[in-house]
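So the chains spell out like this:
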Amino acid sequence: MAYNEDSSGSDHDAPWIQWFCGLKGHEMFCEVERSYIEDGFNLYGLRACVSNFSDCLDLILDRIGPDDSDDSHLTQSACTLYGLIHARYIITAHGLDAMYNKYAAKEFGMCPLVQCNGQPVLPVGTTDQMGADTAKSFCPKCQCVYHPTPLRSKNSYG
């Protein structure tokens, strides 16, 4: 979920969520539905977790443009907020469906073991603490956890 400095300024013609999910290293994120983010019930308790909550939410929902938010701290906080929202979203029916579609399309990658025959992997967190560790890949066939391999090259961002 770390903010990637070299990907920060270029493709902000796309909506913020699409831009964020397209960043290198963010392959395990799905696009959270705007209506989910706009529903205050789904955001309950997150205001205390992120500084500049309202500004971050405005940035995520494209109410303010990236030019209006040159502050890299605001962008980093928005990335953190999106990650927290995403964690809640993927346990809803729509979120599970979005993640299943990515899994079925092997967007999370495949198990590196030959005996697993290209088994799609699932993203897994090893801790609930923000920033303590990065997401890993779990193979349901061999039941092993791996560091995910990079799935996108830098040239695929436009």
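Residues numbered from 1 in each chain as written. Predicted model: local features only at pLDDT ≥ 70, side-chain atom pairs only at ≥ 80, totals over all residues. Heavy atoms only, no water.

Caption draft 1: Region of the structure containing the overall build of the chain. Helix and strand content of the chain: five helices and three strands. Listing each helix as α and each strand as β along the chain from the N terminus yields α-α-α-α-α-β-β-β. Taken across its 158 residues, the chain has 37% of its residues classed as buried. Expressed as a percentage of contacts within the chain between residues at least 6 apart in sequence, the contacts between residues at least 24 apart total 52%. Accessible surface, the chain as shown: approximately 9200 Å² in total, 52% of it carbon and sulfur. (Helix = DSSP H or I, 4+ residues; strand = E, 2+ residues; numbered from the N terminus. Buried < 20%, exposed > 50% of the residue type's maximum accessible area, 1.4 Å probe, protein only. Contact = heavy atoms within 4.5 Å. Areas by Shrake-Rupley, 256 points an atom, 1.4 Å probe, with all protein chains shown as cover.)

Caption draft 2: Summary view of the packing of aromatic side chains. In total, this model carries eight aromatic pairs according to the counting rule given. Measuring from ring centre to ring centre gives 5.1 Å for Trp-16 and Phe-20, while their planes differ by 10 degrees; the resulting arrangement is stacked. On the criterion of helical spacing, the pair formed by Trp-16 and Phe-20 is a turn pair, its members being four residues apart in helix α1 (residues 16–21). For the pair formed by Trp-16 and Phe-20, the shared burial category is buried. Judged by centre distance (5.1 Å) and plane angle (70 degrees), the rings of Tyr-36 and Tyr-89 are edge-to-face. Note that Tyr-36 is positioned in helix α2 (residues 34–38) and Tyr-89 in helix α4 (residues 72–89), a separation of 53 residues in sequence. The exposure classification of Tyr-36 matches that of Tyr-89, with both residues buried. (Phe/Tyr/Trp six-rings, centres within 6.5 Å; stacked < 30°, edge-to-face > 60°.)

Caption draft 3: Inspection of the environment of Ala-87 at higher detail. As for its position among the elements, Ala-87 is in helix α4. Residue classification places Ala-87 among the partly exposed positions, given a relative accessible area of 44%. Along the sequence, Ala-87 and Val-32 sit 55 residues apart, while their C-alpha atoms lie 9.9 Å from each other.

Caption draft 4: Broad picture of the environment of Gly-118. Position of Gly-118 relative to the elements: it lies in the loop between α5 (93–104) and β1 (122–124). A sequence separation of 21 residues divides Gly-118 from Cys-139, and the C-alpha atoms of the two residues are 9.9 Å apart. Gly-118 has contacts with Lys-106 and Met-110, leaving out every residue within four places of it along the chain.

Caption draft 5: Structural view of the sheet that holds strand β2 (residues 136–138). The sheet built from three strands is open, its strands ordered β1-β2-β3 with antiparallel pairing. Only two strands of the sheet have a single neighbouring strand rather than two, namely β1 and β3 (145–146). (Pairing = 2+ DSSP bridges.)

Caption draft 6: Spotlight on the nonpolar core. Of all hydrophobic cores here, the largest spans 37 residues; its most connected members are Trp-16, Phe-20, Ile-37, Ile-60, Leu-81, Tyr-82 and Ile-85. Counting only elements with at least two residues in this core, the list comes to α1, α2, α3 (53–60), α4 and α5. Looking at which element gives the most residues to this core, the answer is α4, with eight residues. Residues contacting Tyr-82, with those up to four places away along its chain left out, are Trp-16, Ile-17, Phe-20, Cys-21, Phe-29, Cys-30, Glu-31, Val-32, Ile-37 and Ile-60. (Core = buried A, V, L, I, M, F, W, Y, C linked by side-chain atoms within 4.5 Å.)

Caption draft 7: Region of interest: the pattern of salt bridges. Enumeration over the complete set of coordinates arrives at three salt bridges. Across the pair Glu-107 and Lys-102 runs a salt bridge, and its minimum N-O distance is 3.6 Å. (Salt bridge = Lys/Arg side-chain N within 4 Å of Asp/Glu carboxyl O.)

Caption draft 8: Spatial organisation of the confidence of the model for the chain. Model confidence for the chain is summarised by a mean pLDDT of 85, while 84% of its residues fall at 70 or above. Element-level mean pLDDT values for the chain span from 92 in β1 up to 97 in α2. In this model residues 1–10 is a low-confidence stretch, pLDDT under 50, and it forms 17 contacts with partners more than four residues away in sequence or in other chains. Here residues 153–158 is modelled with pLDDT under 50, and outside its nearest four sequence neighbours on either side it reaches nine contacts, counting other chains as well. (pLDDT = per-residue confidence, 0-100.)

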